[in-house]
Number of protein chains: 2
Amino acid sequence: MQPTKPSIDNPASDKNQTLVEQILVQIQESIIKGELRPGSKINEQALAEKYGISRGPTREALQQLERQRLVVRIPHVGARVATLTIEELNDLYELRSTLEAMACELAAKRISEQQLNQLWALLEKQEADLARGDSYFQQEGDVDFHYQIIRASGNRHLQETLIGGLYHLLRMYRYQCTSSSRPVRAIAEHRRIVEAIAAGDAELAGLLMRRHIEQGRQNTQQRLQQLTAPAASAVS
Amino acid sequence: MQPTKPSIDNPASDKNQTLVEQILVQIQESIIKGELRPGSKINEQALAEKYGISRGPTREALQQLERQRLVVRIPHVGARVATLTIEELNDLYELRSTLEAMACELAAKRISEQQLNQLWALLEKQEADLARGDSYFQQEGDVDFHYQIIRASGNRHLQETLIGGLYHLLRMYRYQCTSSSRPVRAIAEHRRIVEAIAAGDAELAGLLMRRHIEQGRQNTQQRLQQLTAPAASAVS
DNA sequence: GATTTGAGGATTGTCTACAATGCTGCTCAC
DNA sequence: GTGAGCAGCATTGTAGACAATCCTCAAATC
């Protein structure tokens, strides 16, 4: 029985862990969900008091968040929540597209029997969720889908780069530019990707993933544009 | 006049900077050059005393080094210098190859007049150094070469991933598996890459970079194999 | 009125001390 | 002799206080 990894990273669920790891996930969620607004300043002291800890662990957590691109820190000035811009969105998706295509190609070559079964199971669950119209779990499921493929690539540096470095920022864009999803099409694309991986067709799998992510980019960009420049429609 | 960036990152040269930034580069060099041996344990207290500072900044520096893959930290256990293994070398170069090929393609599309001139200038300097047999500057020059192309890609996330995340570890492999270089061939390859970029031929530029890096991988792997398994030749 | 300059306050950087955890090497039972 | 269990020590995690830097805002000068 596989341990059904529900979250992006699995810090053994808060228990008996270090303070930094405990509050890190909480601050992550706050940022991703926009409770800490993009671009807003983060006060170490205030943040520490909010979680009832001292500034030491808080600073370490902020450094971790900087590594995940969720926070920008400037020496002697302080930390700010990352801002969402069209240019960065494009840079981010450009990179993500390349990396996940690579992950797909590698997965097609290297995926294990067990991992493939897991992937099929997840896909079927997604399709079932879709039929029930359960959109929240779809979003989570989509994260898991990409996550599993990345793991199946077997390249630990690739995994670290995507999951440890890029994925949280991606979640932030997706959450805040709440693309209530194009689920039917997306999950159809998922199926074709899994089929290509199962067939060991690396080139096709990579190509399909590239297109799949490009679809996601366009979708997110559209929403972000509506958010950042609502003046045009509001003025007239 | 461009400021001739000599180092991987330019922290305004130690002056008036934060302690962390000052010692970070020093520890980096110690690790890359092997003064801190791969796999050896790092004692926070001892390291702090060595540089005459307290444990706070030392811990922050170690976290930065973890981000750069030069150090592995385990909660409540401590930090170790990264170990060099064949598998990781392959993972690392696999990823690097994809990312730098991407950088090359983007550079071919987006490089500015000024950046291209800089690149030509660097190439000519490399060829001149080669003629003089100046191998140390060749190595540095090679780093700069890739660095400039990465910058020319214009994708800030790509830059951050490669330069902030991967490049120091790459330097470590290259330094310690001291490939005294295949300079003639490498620089010939450099020239063809620049020509492709100048011609705006993204596909060719990416392809050439892929092959160029694959050459580097084989070279480094060979040296590493000799280092990790010298028993065979020593026993008999 | 606009610009500069400096004092005051707020925030970040660093240090020291203490608490919590993991590791080492001994004793003791089998 | 070998393995388990415990005590002591070394090391990391956390807290709180002090030092250094930056930002704000008002007063003074042009």
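Keep in mind that this is a model prediction, so the values were computed, not measured.

**Thoughts on the interface of chain B and chain A**
Often, the extent of an interface is quoted as the loss of accessible area on bringing the components together. At the interface, 30 residues of chain B touch 30 residues of chain A. For the chain B and chain A pair, buried surface summed over both sides reaches about 2,600 Å², with 46% attributable to carbon and sulfur atoms. For the pair chain B and chain A, the number of links is seven salt bridges. Taken together, the connections running from chain B to chain A amount to 20 residue pairs in polar contact (both at pLDDT 80 or more). For the side of chain B that touches chain A, the secondary structure elements donating two or more residues are α3 (55-67), α4 (86-110) and α7 (156-176) of chain B. With 10 residues, α4(B) is the largest single contributor of residues to the side of chain B that touches chain A. Here the side of chain B that touches chain A is composed, by residue class, of nine nonpolar, eight polar and 13 charged.

**So, the packing of α4(B) against helix α9 (residues 202-228) of chain B**
Residues and elements named next belong to chain B. Contact geometry of α4 with α9 gives a least axis separation of 8 Å together with a crossing angle of 160°. Judged on the interaxial angle alone, α9 and α4 are roughly antiparallel. Relative to α9, the crossing made by α4 is right-handed. Residues belonging to the contact of α4 with α9 are distributed by class as follows: 11 nonpolar, eight polar and six charged.

**Some remarks on the protein's contact with DNA strand C**
The immediate surroundings of DNA strand C are formed by 18 residues, with A:Arg55, A:Arg59, B:Leu19, B:Ser54 and B:His76 found nearest. Counting only the atoms of DNA strand C within 4 Å of the protein, the fraction contributed by sugar and phosphate is 76%. Within the side chain of A:Arg55, a nitrogen or oxygen atom sits 2.8 Å from a base nitrogen of DNA strand C. Taking B:Ser54, its main chain carries an N or O atom lying 2.9 Å from a phosphate oxygen of DNA strand C. When grouped by side-chain class, the residues that make up the surface near DNA strand C number eight nonpolar, six polar and four charged.

**Brief notes about the relation of the copies chain B and chain A**
The operation linking the two copies of the chain is a rotation about an axis combined with a translation along the axis. Screw-axis analysis of chain B against chain A gives a translation of 0.0 Å along the axis, an RMSD of 0.0 Å, and a rotation angle of 180°. Expressed as an axis order, the relation between the two copies is that of a two-fold axis. Interface residue correspondence from chain B to chain A reaches 97%, placing this contact among same-surface, isologous pairings.

**As for the environment of A:Trp120**
Residue and element names in this part refer to chain A. Structurally, the position occupied by Trp-120 is in helix α5 (residues 113-132). Judged by its relative accessible area of 24%, Trp-120 is partly exposed. When the C-alpha positions of Trp-120 and Gly-39 are compared, they lie 40 Å apart, and in sequence the two are 81 residues distant. Not counting the four nearest positions on each side in its chain, Trp-120 is found in contact with Arg-191, Val-194, Glu-195 and Ala-198.

**Quick look at the protein's contact with DNA strand D**
If you check the shell around DNA strand D, you find 19 residues, and the closest are A:Thr18, A:Leu19, A:Ser54, B:Arg55 and B:Arg59. Backbone atoms, meaning sugar plus phosphate, form 78% of the atoms of DNA strand D positioned within 4 Å of the protein. The separation between a phosphate oxygen of DNA strand D and a polar main-chain atom of B:His76 is 3.2 Å. Mapped onto the surface near DNA strand D, the elements with two or more residues apiece are α1 (19-32) and α3 (55-67) of chain A together with β1 (41-42) and α3 of chain B.

**Describing the pairing of strand β3 (residues 78-81) of chain A**
Residue and element names in this part refer to chain A. In β3, alternate side chains face the same way, and those of Ala-79 and Val-81 are buried while those of Gly-78 and Arg-80 on the opposite face are not. With two bridges connecting them, strand β1 (residues 41-42) and β3 associate as antiparallel partners. Looking at the pairing, Ile-42 lines up with Ala-79 of β3. Relative to β3, strand β2 (residues 71-74) runs antiparallel, the two being bridged by four bridges.

**Describing the UniProt feature "domain: HTH gntR-type" (unreviewed entry) in chain A**
The positions that UniProt labels "domain: HTH gntR-type" (unreviewed entry) are, in the present scheme, residues 17-84 of chain A. In residues 17-84 of chain A, the share of helix is 50% and the share of strand is 15%. The end C-alpha atoms are 32 Å apart.

**Observations concerning the sheet that holds β2(A)**
The three strands lie next to each other as β1-β3-β2 (chain A), forming an open sheet whose pairing is antiparallel. Each having just a single partner strand, β1 and β2 of chain A make up the two edges of the open sheet.

**A few points about the sheet that holds strand β3 (residues 78-81) of chain B**
Pairing in this open sheet of three strands is antiparallel, and the strands run β1-β3-β2 (chain B) from one edge to the other. The sheet is open, and its two edges are formed by β1 and β2 (71-74) of chain B, each paired on a single side.

**Topic: the nonpolar core**
Core analysis: the largest hydrophobic core is formed by 125 residues, its most contacted members being A:Ile27, A:Ile31, A:Ile149, A:Ile197, B:Ile31, B:Ile149 and B:Ile197. Once residues lying within four places of it in the same chain are set aside, the contact partners of B:Ile197 are B:Cys104, B:Ala107, B:Ala108, B:Ile111, B:Leu116, B:Leu119, B:Ile149 and B:Ala205.

**Focus on the domain arrangement of chain A**
All names here are of chain A. Here chain A is described as being made up of domain 1 (19-81) and domain 2 (86-222). On a C-alpha basis, the centres of domain 1 and domain 2 stand 28 Å from each other. Each partner contributes to the interface: domain 1 provides 12 residues, whereas domain 2 provides 10 residues. Between domain 1 and domain 2 the total buried area reaches about 1,000 Å² when both faces are included, carbon and sulfur atoms providing 57% of it. On the domain 1 side of the contact with domain 2, Ile-32, Gln-68 and Arg-69 bury the most area, a combined 50% of that side's loss.

**Some points on the side chain of B:Gln64**
Tracing the sequence through the fold places B:Gln64 in helix α3. Taking relative accessible area as the criterion, B:Gln64 reaches 16% and is therefore assigned buried. In this structure B:Gln64 touches A:Gln63, A:Glu66 and B:Leu24, once residues within four positions along its chain are discounted.

**Some points on unusual backbone geometry**
All names here are of chain A. In this structure, Arg-69 takes a positive phi of about 70° despite not being glycine. With respect to the helices and strands, the residue Arg-69 is situated in the loop between α3 and β2. Accessibility expressed as a relative area gives 14% for Arg-69, which makes it buried.

Quick notes on the rules
- Residues numbered from 1 in each chain as written.
- Chains lettered and ligands numbered in written order.
- Predicted model: local features only at pLDDT ≥ 70, side-chain atom pairs only at ≥ 80, totals over all residues.
- Heavy atoms only, no water.
- Contact = heavy atoms within 4.5 Å.
- Buried area = accessible area lost by both parts, 1.4 Å probe.
- Salt bridge = Lys/Arg side-chain N within 4 Å of Asp/Glu carboxyl O.
- Polar contact = N/O pair within 3.5 Å; in protein donor to acceptor, adjacent residues only side chain to side chain.
- Helix = DSSP H or I, 4+ residues; strand = E, 2+ residues; numbered from the N terminus.
- Nonpolar A, V, L, I, M, F, W, Y, C, P; charged D, E, K, R; others polar.
- Axes fitted to C-alpha atoms, helices over the stretch in contact; angles between N-to-C directions.
- Parallel < 35°, antiparallel > 145°, perpendicular 65-115°, else oblique.
- Left-handed = near helix turned anticlockwise from the far one by under 90°.
- Near = heavy atom within 4 Å.
- Least-squares fit on C-alpha atoms with pLDDT ≥ 70 in both.
- Buried < 20%, exposed > 50% of the residue type's maximum accessible area, 1.4 Å probe, protein only.
- Pairing = 2+ DSSP bridges.
- UniProt positions renumbered as here; feature names shortened; annotations may be inferred.
- Core = buried A, V, L, I, M, F, W, Y, C linked by side-chain atoms within 4.5 Å.
- Domains from an automatic or database assignment.

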